[in-house]
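Descriptive analysis of the structure
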Amino acid sequence: MSHDHDHPDFLGHHWENPKQQFEAGKLGMWLFLTTEVLLFGGLFVAYTVWRSNYPELFKYGSQFLDTNWGATNTAVLLISSMTMAMAVTYAARGKMKAVVICLVLTLFGAAGFMAIKYVEYSHKFHEGFYPGLAFYDEPHASELWLPLDETATAAKAHAHQMDMDESAMLHAEALVRAELPEAPADAQNWNKSISGPGPAGLTTNLEQEELAEFTTFLPEFVTGDIEDAGEELAFAEHHEPGEEPHLSHPLQDPTRPTNAQKFFTIYFMMTGLHGIHVVIGGIVILWLLWRTLRGDFNREYYTPIDLGGLYWHVVDLIWIFLFPMFYLI
Amino acid sequence: MMSLLTMIGAAAPSKEATFWMPESASTVAPMVDGLMDFINIVCYIFFALVVAALFYFAIKYRQREGDYTFDSDGPTHNMALEITWTGIPTIIVIVMFWLGMQTYMDLRTAPANSYDVNVTAQKWSWTFQHPEFAVTEANELTVPANRPVRLIMASQDVLHSLYVPAFRVKQDVVPGRYTSLWFEATEPGTYQLYCAEYCGKDHSLMLATVHVLPWDEYQTKMGKLAREYEDIPDSQLPAYAINRLYNRCASCHSLDGSSGTGPSFKGLWDRTVNGTTEFTNGQSVGDLSGPGGEYELAENYIRSSIVQPQRHVVQGFTGAMPSFQGQLKERQIDALVLMMKHLDQVVDADGNIIESPNLGGDDAAEPEQEGASE
Amino acid sequence: MSTVDASKTSGPAPVTDNYLTHTRGVWSWLFTLDHKRIGLMYLVSVLGSFFLGGIMALLVRTQLLTPEGLIMDQDQYNQVFTLHGAIMVFLVIIPSIPAALGNFVLPIMLGAKDVAFPRLNLFSYWLWIVGALCFVLALFTGGLDTGWTFYTPYSIDTGSAMGGVIPALTGVFILGFASIFTGMNFVVTIHRLRPPGMTWFRMPLFLWSIYATAIIQVLATPVLGITLALLAVERAFGIGIFNPALGGDPVLYQHFFWFYSHPAVYIMILPGMGIISDLIAVHSHRHIFGYSFIAWSSVAIAVFSFLVWGHHMFTSGQSELVTVVFSFITFSVAIPSAVKVFNWLATMYKGTISWNTPMLYGMGFIFIFTIGGLTGLHLGTLGTDVHLHDTYFVVAHFHYVMMGSALIAFIGGIHHWWPKMTGRMYSELWGRIAFTLVFIGFNLTFFSQFMLGSQGMPRRYASYPEDAGFQLYHILSTCGSYVLALGFFITAGYLIQSLIGGRRAPANPWGGRSLEWQCTSPPPHDNFAEAPTVGDCYDFSVLRWDENEQGYVWREDVSHPANEAHT
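A quick note: this is a predicted structure, and the numbers were derived from the prediction, not measured.

Criteria and thresholds
Residues numbered from 1 in each chain as written. Chains lettered and ligands numbered in written order. Predicted model: local features only at pLDDT ≥ 70, side-chain atom pairs only at ≥ 80, totals over all residues. Heavy atoms only, no water. Contact = heavy atoms within 4.5 Å. Buried area = accessible area lost by both parts, 1.4 Å probe. Salt bridge = Lys/Arg side-chain N within 4 Å of Asp/Glu carboxyl O. Polar contact = N/O pair within 3.5 Å; in protein donor to acceptor, adjacent residues only side chain to side chain. Helix = DSSP H or I, 4+ residues; strand = E, 2+ residues; numbered from the N terminus. Nonpolar A, V, L, I, M, F, W, Y, C, P; charged D, E, K, R; others polar. Phe/Tyr/Trp six-rings, centres within 6.5 Å; stacked < 30°, edge-to-face > 60°. Buried < 20%, exposed > 50% of the residue type's maximum accessible area, 1.4 Å probe, protein only. Lys NZ or Arg CZ within 6 Å of the ring centre and 35° of its normal. Expected span 1.5 Å × (residues − 1). Pairing = 2+ DSSP bridges. Axes fitted to C-alpha atoms, helices over the stretch in contact; angles between N-to-C directions. Patch = residues over 30% accessible without salt bridge, like charges linked within 9 Å, V, L, I, M, F, W, Y side chains within 5 Å. Areas by Shrake-Rupley, 256 points an atom, 1.4 Å probe, with all protein chains shown as cover. Parallel < 35°, antiparallel > 145°, perpendicular 65-115°, else oblique. Left-handed = near helix turned anticlockwise from the far one by under 90°. Lys, Arg positive; Asp, Glu negative; His and termini not counted. Charge placed at Lys NZ, Arg CZ, Asp CG, Glu CD. pLDDT = per-residue confidence, 0-100.

Right, let's talk about the interface of chain C and chain A for a bit. Taken together, the contact pairs 36 residues of chain C with 32 residues of chain A. When the two sides are added together, the surface that chain C and chain A hide from each other amounts to roughly 2800 Å², 73% of it contributed by carbon and sulfur. On the surface where chain C and chain A come into contact, there are one salt bridge. Across the salt bridge formed by R192(C) and E23(A), the nearest N and O atoms sit 3.8 Å from each other. Inspection of the chain C/chain A interface yields seven residue pairs in polar contact (both at pLDDT 80 or more). Looking at the side of chain C that touches chain A, the elements with two or more residues in it are α6 (165–192), α7 (205–237) and α8 (250–284) of chain C. The leading source of residues in the side of chain C that touches chain A is α7(C), at nine residues. Looking at the side of chain C that touches chain A residue by residue, the class counts come to 26 nonpolar, six polar and four charged.

This next bit is on the packing of aromatic side chains. The way to describe two aromatic rings as a pair is by their centre distance and the angle between their planes. Enumeration according to the criterion identifies 96 aromatic pairs over all chains in this entry. Here Y426(C) and Y494(C) contribute two aromatic rings whose centre-to-centre distance is 5.9 Å and whose plane-to-plane angle is 45°, an arrangement assigned as tilted. With Y426(C) in the loop between α13 (392–422) and α14 (428–454) and Y494(C) in helix α15 (residues 471–501), the pair connects residues that are 68 residues apart, well separated along the chain. With a relative accessible area of 4%, Y494(C) lands in the buried category. Over the ring of W290(A) we find R294(A); its NZ or CZ atom is 4.6 Å from the centre of that ring.

Further remarks concern the interface of chain C and chain B. In this assembly, 95 residues from chain C lie in contact with 84 residues from chain B. By the criterion of area lost to chain B, the three top residues of chain C are F342(C), H387(C) and Y461(C), representing 8% of everything that side buries. Residues R108(B) and E320(C) are paired through a salt bridge, measuring 2.8 Å at the closest nitrogen-oxygen approach. Counting every contact that joins chain C to chain B gives 30 residue pairs in polar contact (both at pLDDT 80 or more). For the side of chain C that touches chain B, the secondary structure elements donating two or more residues are α4 (74–110), α8, α9 (291–304), α10 (320–348), α11 (357–380), α12 (382–388), α14 and β1 (543–546) of chain C. No other element matches α10(C), which puts 15 residues into the side of chain C that touches chain B.

Bringing the environment of V105(C) into the picture now. Residues and elements named next belong to chain C. Turning to its location among the elements, V105 is positioned in helix α4. The exposure class assigned to V105 is buried, which follows from its relative accessible area of 1%. Along the sequence, V105 and G39 sit 66 residues apart, while their C-alpha atoms lie 8.4 Å from each other. Setting aside anything within four residues of it in sequence, one finds V105 in contact with F206, W417 and E516.

Its 27 residues give α14(C) an end-to-end C-alpha distance of 39 Å, which sits within 8% of 39 Å, the value for a rise of 1.5 Å per residue. Following α14(C) by one or two positions, G456(C) has its phi on the positive side, about 110°.

Moving on, we come to the sheet that holds strand β2 (residues 125–130) of chain B. In sheet architecture, strand pairing relies on hydrogen bonds along the backbone and comes in two forms, parallel and antiparallel. Residue and element names in this part refer to chain B. Strand order in the open sheet formed by five strands is β3-β2-β1-β5-β8, and the pairing between neighbours is mixed. Since the sheet does not close on itself, it has two edges, and those belong to β3 (135–138) and β8 (179–183), each with one partner. Neighbouring strand axes in the sheet, compared pairwise and without regard to direction, differ in orientation by 25° on average. The pairing of strand β5 (residues 149–155) with β8 spans five bridges and is classified as antiparallel. Along β8, the bridge assignment pairs V149 with F183. Its contacts with the sheet put helix α4 (residues 215–231) on β1 (115–122), β2 and β3, and the angle it makes with β3 is roughly 90°.

The next thing to look at is a nonpolar patch on the surface. Residue and element names in this part refer to chain C. There is a patch of nonpolar side chains on the surface, built from F51, L52, I55, L59, L70, I71 and F489 and spanning about 620 Å² of accessible area. Counting residues per element, the nonpolar patch draws most heavily on helix α3 (residues 35–63), at four residues. When you line up the elements, F489 lands in helix α15. Overall, the relative accessible area of 48% leaves F489 in the partly exposed class.

Turning our eyes to something else, we now look at the pairing of β5(B). Residues and elements named next belong to chain B. Side chains of β5 alternate between two faces, with V149, L151, M153 and S155 buried and R150, I152 and A154 left unburied. In this sheet, β5 lies alongside β1 in parallel orientation, the contact comprising seven bridges. Across the sheet, residue V117 finds its bridge partner in β5, namely L151.

Secondary-structure assignment places L286(A) in helix α10 (residues 261–294). A sequence separation of 180 residues divides L286(A) from T106(A), and the C-alpha atoms of the two residues are 9.6 Å apart.

Residues and elements named next belong to chain C. Relative to the elements of secondary structure, T357 occurs in helix α11. Polar side-chain contacts of T357 include one of 2.7 Å to the side chain of E428. For T357, the contacting residues outside a window of four places in its chain are H415, Y426, E428, G431, R432 and Y494.

For any two helices packed against each other, the geometry is given by the interaxial angle and the distance between the axes. Residue and element names in this part refer to chain A. Where α10 meets helix α11 (residues 303–328), the closest approach of the two axes is 10 Å, and the angle between their N-to-C directions is 160°. Accordingly, the angle class assigned to the pair α10 and α11 is roughly antiparallel. The handedness of the crossing between α10 and α11 is left-handed. Taken together, the residues that form the contact of α10 with α11 break down as 21 nonpolar, seven polar and one charged.

Taken together, the side chains of K60(B), R62(B), R64(B) and K350(C) define a basic patch exposed on the protein surface. Following the sequence through the fold, K350(C) ends up in the loop between α10 and α11. On the basis of relative accessibility, which here comes to 43%, the residue K350(C) falls in the partly exposed class.

Residues and elements named next belong to chain C. With respect to the element layout, G376 can be found in helix α11. According to the relative accessible area criterion, G376 is partly exposed, its value standing at 21%. For the pair formed by G376 and T330, sequence separation is 46 residues and the distance between their alpha carbons is 9.4 Å.

Time to look at the pattern of salt bridges. Throughout the structure, instances matching the rule amount to 18 salt bridges over all chains. Its salt-bridge partner being K201(B), residue D202(B) comes within 3.4 Å of it at the nearest N-O pair. Looking at K201(B), the relative accessible area reads 26%, which means it is partly exposed. Residue K36(C) pairs with D34(C) through a salt bridge whose shortest N-O separation is 3.1 Å. Classification of K36(C) as buried rests on a relative accessible area of 0%.

On to the confidence of the model for chain C, then. All names here are of chain C. Residue-level pLDDT values for chain C average 90, and 95% of them are 70 or greater. Every residue in residues 1–11 scores below 50 in pLDDT, and together they form 25 contacts with partners more than four places removed in sequence or on other chains. Ignoring residues within four places in sequence, the model shows residues 562–567, a span with pLDDT below 50, making nine contacts including any to other chains.

Our focus in this paragraph is the sheet that holds strand β6 (residues 160–164) of chain B. All names here are of chain B. Spatial ordering of the open sheet is given by β4-β10-β9-β6-β7, a layout of five strands whose pairing is mixed. Only two strands of the sheet have a single partner each, and these edge strands are β4 (140–144) and β7 (169–173). Ignoring strand direction, the axes of neighbouring strands in this sheet form an average angle of 25°. In this sheet, β7 lies alongside β6 in antiparallel orientation, the contact comprising five bridges. Counted as the bridge partner of S161 is D172 from β7. Packed onto the sheet, α4 meets β4 and β10 (208–213) and runs at close to 135° relative to β4.

This part covers the confidence of the model for chain A. Taken as a whole, chain A shows an average pLDDT of 73; of its residues, 62% reach a score of 70 or greater. Across residues 180–247 of chain A, confidence stays below pLDDT 50; counting only partners more than four residues off in sequence or on other chains, it has 128 contacts.

Have a look at this one:
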């Protein structure tokens, strides 16, 4: 392996000239990107099959996705794609300081995207939208529906006036029960169905009374959970009259179609696999940044930046498909 | 083209097994065999040509001692030859496809007047229900001869595939949907039925026997099967259960005390009465058998494990058992409960079924065993 | 042209600096970027896996000597046949020719110094090792009894299928990426590293078949990856795509699976066809007949391979219309395969055919592949497939194609390139004896299985009814498998012996014209000091036998290949 002026350091020993190496790298990257698209292709087919077989799941599930966050993320990725393209252009012109700035901006894009993903995912988990059969696991106390039902509150207030007359209490309870939706019968693996109308908490000013209400309405395994969870209970008390009620837990939602977990499964699988690719892309950009700062690249040789850019654009492109598929249609 | 098939195969219908094919006993079998013969002949011809050329060239043009002069003048391509040996196989395979498709259509299209049998496949047994006679058979399928029979099949667990070589029919049985196949048996007799799709541990034991009977004999047998458990005196029910029902349990529940996919029947009644059987949820039969308990009557535990097997799964087992709700008549469940109670009277110490048990009933001879031994 | 010249002048004396001696020590092997060393490591690993898979096969065959099963219970048998299938498919046949022989031969044949991405090549080998370790892990996490196809819903039923499913799926996923990276490397190498004069239609046919294979590897394997990921997630979390209890569709899994695994069948057989094209031409010392038809038929097979997956599912419950369409397209694959066989025979016509071991394997391939291909007609024809599907007829058919053809071509290729890879000649006598045993053993083992299958014996049975008349065929088959095993043991014996006591190999022992025969045996580290120039790689008339060399050299009266580069 001789390193004369015809064979610069960056050129592998088996290449004739930089152009050949560059073209090979580019072809290799395109092939790799083809396999990436095909990898996602399997999930796209799964999405298509499910969507055509169970359109109601997608109608139901997509309403819980926050289009604003999705659109923000789309914008973040598009801008980062632009800064990546700028990095490649500056590299071709040999302006390495500009390349560094552009790569840093792209890195911010990747980090921002993942941060928003974190917010979205944790919100979904908080509301009880898990992929797979975890969807049907016992809800955590903090995820339960704590409706602020004014009828019920009024009835209770009335009952209070009546000095906790037992029949009035029962009346209040009946009113509340009438307001609550039926527990769905079709939840698979949901053997321990929440008895009666489903878990409910009532917002009052009196903690004791609220606890009593819980014990009235909830089966023991849930109240036990709540009594142990002081903070979650405090969460319940945040609801003031007139405030928007907390979203219902999906398991209590009467409009929830059978097998609703499928929507969230394919949502988490596709966006999750995409998220993994964003993380990998971020690592690649970090590596490119390090090599740029080390001075490995110049206008003659910036193949890794070019190829990294290609990869980042495809990651972006896949999101461009995912966003409308889940959030918009 | 079908006449070609008829010429080759169906013209000389062969009931006996041939070199290639097993005995044939259905209306479609001669068609399939004819098609097979046609393909075989094509294959013999091509194989003979290729191998003859291979050996002829290999010997004729072998390198002789000291022969190192290589001819560079021989032909290296010949368009006419290439087109010939591309074209002729193309035509042959198109004919083959066409014949195959026609036979397939006949195989798949059940005649309108078919006699329906419902089939349930589960690990690792077959259940056949004859709606016309309200008869259920396990691992035995009795069908009339010379009448198209359509099987409507469902699986309770994993993929299975119903395969009767003598009829040349096969169809996967898929959980979550119905599949069907049809055949018209031509020869009364007994034929082997296999599960052809791998389904786990005892896949190779998931066999059944097909009995083809002339229509009148068939009706007689169905009538007898439909009434058999009603006519049996209670004292004979354990014998009935062990001979006629146990074969649906046998793949998982042994009689000799060894554990299979499910617990052995040996001593099961004692374990139930003593309340020692423990469940995967930590409870035991004893916990549930007190006054007012779910299993206060031990019989209820046996019954529950048949119709709701997942309700309480015995410790150490996976709960693989499907429900037999609706598949067994009340009296058949009674028979199974009685069988558990009196297992030692119908099964010997080694776990073998006693041929003529002394059950203390008046009629020691058991007409129902006749059907079982067929 | 120093390398090429060396092959002309130097006798079969020890080559001082070659790729084997270039650097020393274990690390210089484990972290080598040299495609030849990586190819050799693949070869050793694949042959090791082949040994394991072969032991499993012998266990299966021994079990079936008696109707009730001789040596194992049902669970053990199911585990053994599953491992036999999974090891042979994923660890042996798929990497055998492309990753082991292809890695070694492809760059040299092409006239390149290395594959395009040497680091990726090494990475792919290590991925392969990790994938293989996952299979070992599967054994220790409860075993694997799903069959190599992982059919749902059995494989997602944690209650019945054994616990090793997820490690095994992980293993196959990783092996898939090893295969993808190998394929990518080959595609780019062939596109970008052809030296001057090496036009597409001057490439040896082995390269055409490897190219077609690499395309399939790149395009089909990611789909397998995501399918197995879906299956693993289904088993672990219950997502309801393949599980009918959750509204999933088990037949959808079969579509997903065979969309990869049918092209994978051609990943296995196409490189074998490529090897045979070269073996037949070189050992017949005769220009290949119908070069472009063979080349294009490889591409045609690669394209058709993506369109025929449904023929694995004729009785699965897919719609009749789909079944008929798949049957029709399936027959189209028969044509290019037939074209290849006819062209090989025409190549032998008026040749000068050496009856040496590689050529015996070549002729054995034609014999076996003809049977394997023709019996495909029975299975592509709908009327007969219903009877034959999932019986031993299918088992026999795919062993004739995958083992008798792909693996025989692999063994033939090993014999063909053994002198080049190791620099040693093996015993010709023992080679012919072993071939005879392998050939007889193979046909005895698997031809009797055609009879078993058409008589109705279903596959994956640990025991069988006594009165069905199967036992005789099973005994024949088992005896055949012992003969086959003996043949392979002898092969291993004389090949290993040749490393120690074998005669030194000349640069060109067979009279090959492609570029690998122009460098020394074993080749130097860099293959070619500078890019070689290329002639017609099937024109053998320029070679003559040299008694001193015990190999072939250029005739003095023809112009040097360097001179005919652009003629």
